[in-house]
Amino acid sequence: MFRVGMGYDVHRLVEGRKLILGGVEIPYDKGLLGHSDADVLLHAIKDALLGAAALGDIGKHFPDTDEKYKDVDSLKLLEVVVAMLEDKGYRINNLDATIIAEKPKMAPYIEQMRENIAEAMKVAVEDVNVKATTTEGLGFTGKGKGIAAEAIVSIIK
């Protein structure tokens, strides 16, 4: 059985936090605000995977009211989600994800993101696509107030 899931996440940019996307720490004067490491890319991917398997969302499994998830590494939680899918008999076919941010430029970090994600999802790097776009100065991302990410995955039983 072939299934598809999509995920979306957004976090506000603030001073005094590290900017982590796809498990990569990116040098920048702001970081994403959140209970965990606020990695919007990995959050969108986890939601896409959970959705494809009809397992709810990350808020259900990793609530921001639980202190054990405070500042947690989102790559570790991605591994947990992958294990949940494996327990249900699913394997990941492929992922396509988009980071939506005006700044900083993502191109220098995309390959490391792909490698991190592929390793956590137990798939080949060739099965993981990550890209970035801007909103041409429009909206909250365009004004540098936040970063968003979208992801779509396919899984097979």
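Higher on the page you've got the structure.
Residues numbered from 1 in each chain as written. Predicted model: local features only at pLDDT ≥ 70, side-chain atom pairs only at ≥ 80, totals over all residues. Heavy atoms only, no water.

(A) How the structure looks around helix α3 (residues 74-87). For α3, spanning 14 residues, the distance from its first C-alpha to its last is 20 Å, which sits close to the expected 20 Å at 1.5 Å a residue. Lining the buried residues of α3 we find α1 (40-52), α2 (58-61), β5 (91-100), α4 (110-121) and β7 (146-156). One side-chain oxygen of the residue at the start of α3 lies 2.8 Å from the amide nitrogen of L75, identifying that residue as D73. Directly beyond the C-terminal end of α3, a positive phi value near 85 degrees is found at G89. (Helix = DSSP H or I, 4+ residues; strand = E, 2+ residues; numbered from the N terminus. Expected span 1.5 Å × (residues − 1). Contact = heavy atoms within 4.5 Å. Polar contact = N/O pair within 3.5 Å; in protein donor to acceptor, adjacent residues only side chain to side chain.)

(B) Main features of the sheet that holds strand β4 (residues 31-32). Spatial strand order, β4-β1-β7-β5-β6: five strands in an open sheet with mixed pairing. With one partner strand each, in any of the chains shown, β4 and β6 (128-133) form the two edges of the open sheet. Sitting on the sheet, α1 touches β1 (2-14), β4, β5, β6 and β7, and the angle it makes with β1 is about 155 degrees. (Pairing = 2+ DSSP bridges. Axes fitted to C-alpha atoms, helices over the stretch in contact; angles between N-to-C directions.)

(C) Representation of α1. Taking 1.5 Å as the rise per residue, α1 with 13 residues should run 18 Å; its terminal C-alpha atoms sit 18 Å apart, in good agreement. The element α1 is largely enclosed, with a buried count of twelve among its 13 residues. Listing the buried residues of α1 in full gives V40, L41, L42, H43, A44, I45, K46, D47, A48, L49, L50 and A52. Positive phi shows up at A54, right after α1, with a value of about 55 degrees. (Buried < 20%, exposed > 50% of the residue type's maximum accessible area, 1.4 Å probe, protein only.)

(D) Inspection of the pairing of β1 at higher detail. Judged from the eleven bridges that link them, β1 and β7 form a sheet pairing that is antiparallel. Bridge pairing in β7 places Y8 opposite E150. Sheet topology note: the β1/β4 ladder contains two bridges and is antiparallel. When the bridges of β4 are listed, V14 appears paired with G31.

(E) Main features of the pattern of salt bridges. Under the criterion given, the structure shown has four salt bridges. Measuring nitrogen to oxygen at the nearest pair gives 2.6 Å for the salt bridge that ties D96 to K131. Of the two residues, D96 is situated in strand β5 and K131 in strand β6; the sequence distance between them amounts to 35 residues. On the basis of relative accessible area, D96 is assigned to the partly exposed category, the value being 28%. Relative accessible area serves as the criterion here: at 32%, K131 is assigned to the partly exposed category. Across the pair E111 and R114 runs a salt bridge whose closest N-O atoms are separated by 2.8 Å. Highlighted residues: E111 and R114, both in helix α4, separated by three residues, approximately one helical turn. When its relative accessible area of 44% is taken as the criterion, E111 is described as partly exposed. (Salt bridge = Lys/Arg side-chain N within 4 Å of Asp/Glu carboxyl O.)

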